[in-house]
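Residue strings, one per chain:
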Amino acid sequence: MDIETFREYCLSLNGAAEGMKWEHLCFMIEEKIFVLISLEDHHLALKCNPEDFDELAARQGIQQAAHFARRQWISVDHLEVMSDQELKNRIAESRKLVLSKLTKKLQQKYNEQL
């Protein structure tokens, strides 16, 4: 997946917005980051289900994301570490996990618009 396809996919998710933080392109829902990517080397970080963390972190090119919640965020060396479909699924899951931490009212707002 190239960076433009990555960006288009992230923005296609309901409620997604983009911004810049820490010199990285971030995708957020209600100002809460669900994925961020370096524009230089396409290194990215996204939230994962804690039950999947060990399996993911054991793979080549994936590890615990520095400065993020332990065993809840992974760092991926570049966009080619995962297939396009797996990456899309992981991004959607990250958004869903972040959304689940928002208020019930906000969750309902985005669930109604699916």
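In case you missed it, the structure is sitting above this.
As a starting point, this report considers the structure included with it. Every chain's residues receive numbers from 1 upward, in the order its sequence appears when written. Only residues with pLDDT of 70 or above have their local features reported here, since the model is predicted, and side-chain atom pairs are shown and tallied only from 80 upward, although totals for entire chains, interfaces and linings are computed over all residues. The side-chain quantities take in all heavy atoms of the structure and omit both hydrogens and water.

On to the nonpolar core. Core analysis: the largest hydrophobic core is formed by 29 residues, its most contacted members being Phe6, Phe34, Leu44 and Ile74. Sorting the residues of this core by element identifies helix H1 (3-12), strand S2 (24-29), strand S3 (32-38), strand S4 (44-47), helix H2 (50-57), strand S6 (73-76) and helix H3 (84-99) as the ones contributing at least two each. Ranked by the residues each element gives to this core, the list is headed by H3, at four residues. Aside from chain neighbours lying at most four places away, what touches isoleucine 74 is Leu44, Ala45, Leu46, Cys48, Phe53, Leu56, Ile62, Gln63, Ala65 and Met82. Listed in part, the seven residues of the second largest apolar core include Cys26, Met28, Ala65 and Trp73. The nonpolar core is taken to be a set of buried Ala, Val, Leu, Ile, Met, Phe, Trp, Tyr and Cys residues, with the residues joined through side-chain atoms within 4.5 Å. Exposure is judged per residue with a 1.4 Å probe applied to protein chains only, and the accessible area is read against the type maximum: over 50% gives exposed, under 20% gives buried, and values in between give partly exposed. Helical segments are the DSSP runs of H or I of at least four residues, strand segments are the runs of E of at least two, and each set is numbered from the N terminus. A contact between two residues is defined here by any heavy atoms of the two lying within 4.5 Å.

Bringing H1 into the picture now. Here H1 has its buried residues at Phe6, Tyr9 and Cys10. An end-on view of H1 places all buried positions within 100° of arc, on one side of the element. Structural note: H1 exposes Glu8 and Ser12 on the side pointing more than 90 degrees away from its buried face. Here the buried face of H1 lies against strand S1 (16-21), S2, S3, S4 and H3. Polar contact is the term for a pair of N or O atoms within 3.5 Å; when the atoms are in protein, one must be able to donate a hydrogen and the other to accept it, and sequence-neighboring residues count only if both atoms are side-chain atoms. The N-terminus of H1 is capped by aspartate 2, whose side-chain oxygen sits 3.1 Å from the backbone nitrogen of glutamate 4. Working note: the arc is built from the helix axis to C-beta atom directions.

To continue, consider unusual backbone geometry. With phi around 50°, glutamate 30 is a residue other than glycine that occupies positive phi space. With respect to the helices and strands, glutamate 30 occurs in the loop between S2 and S3. Unusually for a residue other than glycine, glutamate 31 sits at a positive phi of about 70°.

Worth remembering: the numbers are spatial, not functional.
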